[in-house]
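Residues per chain are reported as follows:
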Amino acid sequence: MAHLSSEFTLKSLNLKNRIVMPPMCQYSVESKDGKPTDWHFVHYVSRAVGGAGLIIMEMTDVEPDGRITDYDLGLWSDEQIPAFKRIISEVHKYGAKVAIQIAHAGRKAEDAKVPVGPSDIPVSPEFKKPRALSTEEVKQMVVKFKDAAIRAIEAGVDTIELHGAHGYLIHQFHSPAINNREDEYGQDLALFGVEVIQAVKSVMPEHMPLILRISAVEYMDGGYDLEHGIEISRRYKEAGVDILHVSSGGEGPVGTRKPGNHPGYQVPFARAVKQALDVPVIAVGLLDDAKLAEATVANEEADLVAVARGMLRDPYWATHAIQAVSGQISAPKQYERAY
Ligand SMILES: Cc1cc2nc3c(=O)[nH]c(=O)nc-3n(C[C@H](O)[C@H](O)[C@H](O)COP(=O)(O)O)c2cc1C
């Protein structure tokens, strides 16, 4: 029996294996209304048929101008719930569990006339200059995250992921180089994220775990290091995060701290967060070699492994990886004759 194919249980979340489809923006909303389309239906249901244990639906934003582009998903209106519900209930038929990644792009919102952020510092000169949110607007933003979480739960998710990585709004607040505010949200860089976590947790069923994606280090010169990434993660864990999904970078122009493009390049970050905080972690980043994914779980470097681009190339990546490392066949019965 492979480690990859072993069950994972945390609170009410029970996964049939350790394989996660991480969030991947499809930029495929047809009428800018934030609603998933038939493309999204086929895209997610295929990976459920392909054997993934947990599917985290792509970055889904809490307000229209919180999207990277106008073609991204949103959960700012009850009208968006049914299209998510349709996908989630179909994915469930194939034994996969579902999360939605709830987010705000902040200063990385490309189609917003004037993007917002913790400060007016742009990503780079090529990006639009953001407007710093007022203290009152920050408090309203916390409520928007909470309302999106209520809608995700209404749509039937098994867990929620908050996007605190890749230079989006939560990350922008906890970044010393991006957040130069003088109010309480600048004095305490983790405060915005902590309030979002507490607000979202307050509307989640008691036993539903919350995932947060974090950039363990920033890549830009002068960006934060692993020690800061772990301290911020500690605050988020104390506020109620149950699982950390450990990524890195994404906040601005790349400097010297960027790891090379090697298989498993972010696993050392996942292991460091797991060891420092004694928290379940998802490792991600060039883990599409099945043996490497299996070793990452077997060596207890991470509890779960996520494969993004590998699953775009092969929707059946999970089935094939489990077969490769253990010979076990986990295909749906309609496909068994192929194995
Ligand atoms: C097309 C595409 C879209 C992505 N969109 C998101 C996203 O919505 N949210 C997010 O946190 N990461 C996003 N990512 C990053 C992936 O989730 C993942 O962390 C990254 O691709 C590294 O994993 P991999 O080497 O297995 O591809 C995206 C990646 C790709 C390729």
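Details of the structure are given in the entry above.
Residues numbered from 1 in each chain as written. Predicted model: local features only at pLDDT ≥ 70, side-chain atom pairs only at ≥ 80, totals over all residues. Heavy atoms only, no water.

## Considerations on the packing of helix H6 (residues 191–203) against helix H7 (residues 226–239)
Inference 1: Taken N-terminus to C-terminus, the directions of H6 and H7 make an angle of 25 degrees; their axes are 9 Å apart at the nearest point. The orientation of H6 with respect to H7, classified from their angle, is roughly parallel. The interaxial crossing formed by H6 with H7 has right-handed handedness. Along its contact with H6, which presents Gly193, Val194, Ile197 and Gln198, the element H7 presents Arg235, Tyr236 and Ala239.
Inference 2: Residues belonging to the contact of H6 with H7 are distributed by class as follows: 4 nonpolar, 2 polar and 1 charged. (Axes fitted to C-alpha atoms, helices over the stretch in contact; angles between N-to-C directions. Helix = DSSP H or I, 4+ residues; strand = E, 2+ residues; numbered from the N terminus. Parallel < 35°, antiparallel > 145°, perpendicular 65-115°, else oblique. Left-handed = near helix turned anticlockwise from the far one by under 90°. Contact = heavy atoms within 4.5 Å. Nonpolar A, V, L, I, M, F, W, Y, C, P; charged D, E, K, R; others polar.)

## Here we look at the nonpolar core
Inference 1: Membership of the largest hydrophobic core comes to 88 residues, with the highest contact counts inside it found for Ile102, Phe145, Leu162, Phe192, Tyr236 and Leu244.
Inference 2: For this core, the leading source of residues is helix H3 (residues 135–155), giving 8 residues.
Inference 3: For Ile102, the contacting residues outside a window of four places in its chain are Thr60, Val62, Phe145, Ala148, Ala149, Ala152, Ile160, Glu161, Leu162 and His163.
Inference 4: Leu15, Val20, Ile56 and Ile211 belong to the second-largest nonpolar core, a separate cluster that totals 13 residues. (Core = buried A, V, L, I, M, F, W, Y, C linked by side-chain atoms within 4.5 Å. Buried < 20%, exposed > 50% of the residue type's maximum accessible area, 1.4 Å probe, protein only.)

## A look at the pattern of salt bridges
Oppositely charged side chains are able to pair whenever their charged atoms sit close together.
Inference 1: In total, this model carries 17 salt bridges according to the counting rule given.
Inference 2: Close ionic contact of Asp78 with Arg151 constitutes a salt bridge, the shortest N to O distance being 2.8 Å. With Asp78 in the loop between strand E5 (73–74) and helix H2 (81–93) and Arg151 in helix H3, this residue pair connects regions lying 73 residues apart in the sequence.
Inference 3: Asp78 gets classed as exposed once you look at its relative accessible area, which sits at 52%.
Inference 4: Here Arg271 and Glu301 are joined by a salt bridge, their closest N and O atoms 2.5 Å apart. Taken together, the positions of Arg271 in helix H8 (residues 267–277) and Glu301 in the loop between helix H9 (290–298) and strand E13 (304–306) put the pair 30 residues apart, joining distant regions of the chain.
Inference 5: Put simply, Lys11, Lys201 and Asp242 are held in one network by salt bridges that share partners. (Salt bridge = Lys/Arg side-chain N within 4 Å of Asp/Glu carboxyl O.)

## So, the layout of surface pockets
Inference 1: Taken as a whole, the largest pocket spans an internal volume of roughly 770 Å³.
Inference 2: In terms of lining residues, the largest pocket is bounded by 34 residues, among which Pro23, Met24, His166, Arg213 and Ala308 are the most central.
Inference 3: The biggest single contributor to the lining of the largest pocket is helix H10 (residues 309–313), with 3 residues.
Inference 4: Looking at the lining of the largest pocket residue by residue, the classes come out as 18 nonpolar, 12 polar and 4 charged. (1 Å grid on protein atoms, 1.4 Å probe; cavity = no way out; pocket = protein on both sides within 12 Å on 5 of 7 lines; lining within 4 Å. Points joined across faces, edges and corners; volume = space filled by probe spheres on them.)

## Examining the site of the ligand
Inference 1: In the vicinity of the ligand, 15 residues are found, and the nearest of them are Pro23, Arg213, Leu286, Ala308 and Arg309.
Inference 2: A distance of 2.7 Å is found between an oxygen atom of the ligand and a side-chain nitrogen or oxygen belonging to Arg213.
Inference 3: Here the ligand loses 82% of its free accessible area of 610 Å² to cover by the protein chains.
Inference 4: When atom positions are compared with the pocket grids, the ligand is found to occupy the largest pocket.
Inference 5: Residue composition of the shell around the ligand, grouped by class: 9 nonpolar, 4 polar and 2 charged. (Near = heavy atom within 4 Å. Polar contact = N/O pair within 3.5 Å; in protein donor to acceptor, adjacent residues only side chain to side chain. Areas by Shrake-Rupley, 256 points an atom, 1.4 Å probe, with all protein chains shown as cover. Sits in = over half its atoms within 2 Å of the grid points.)

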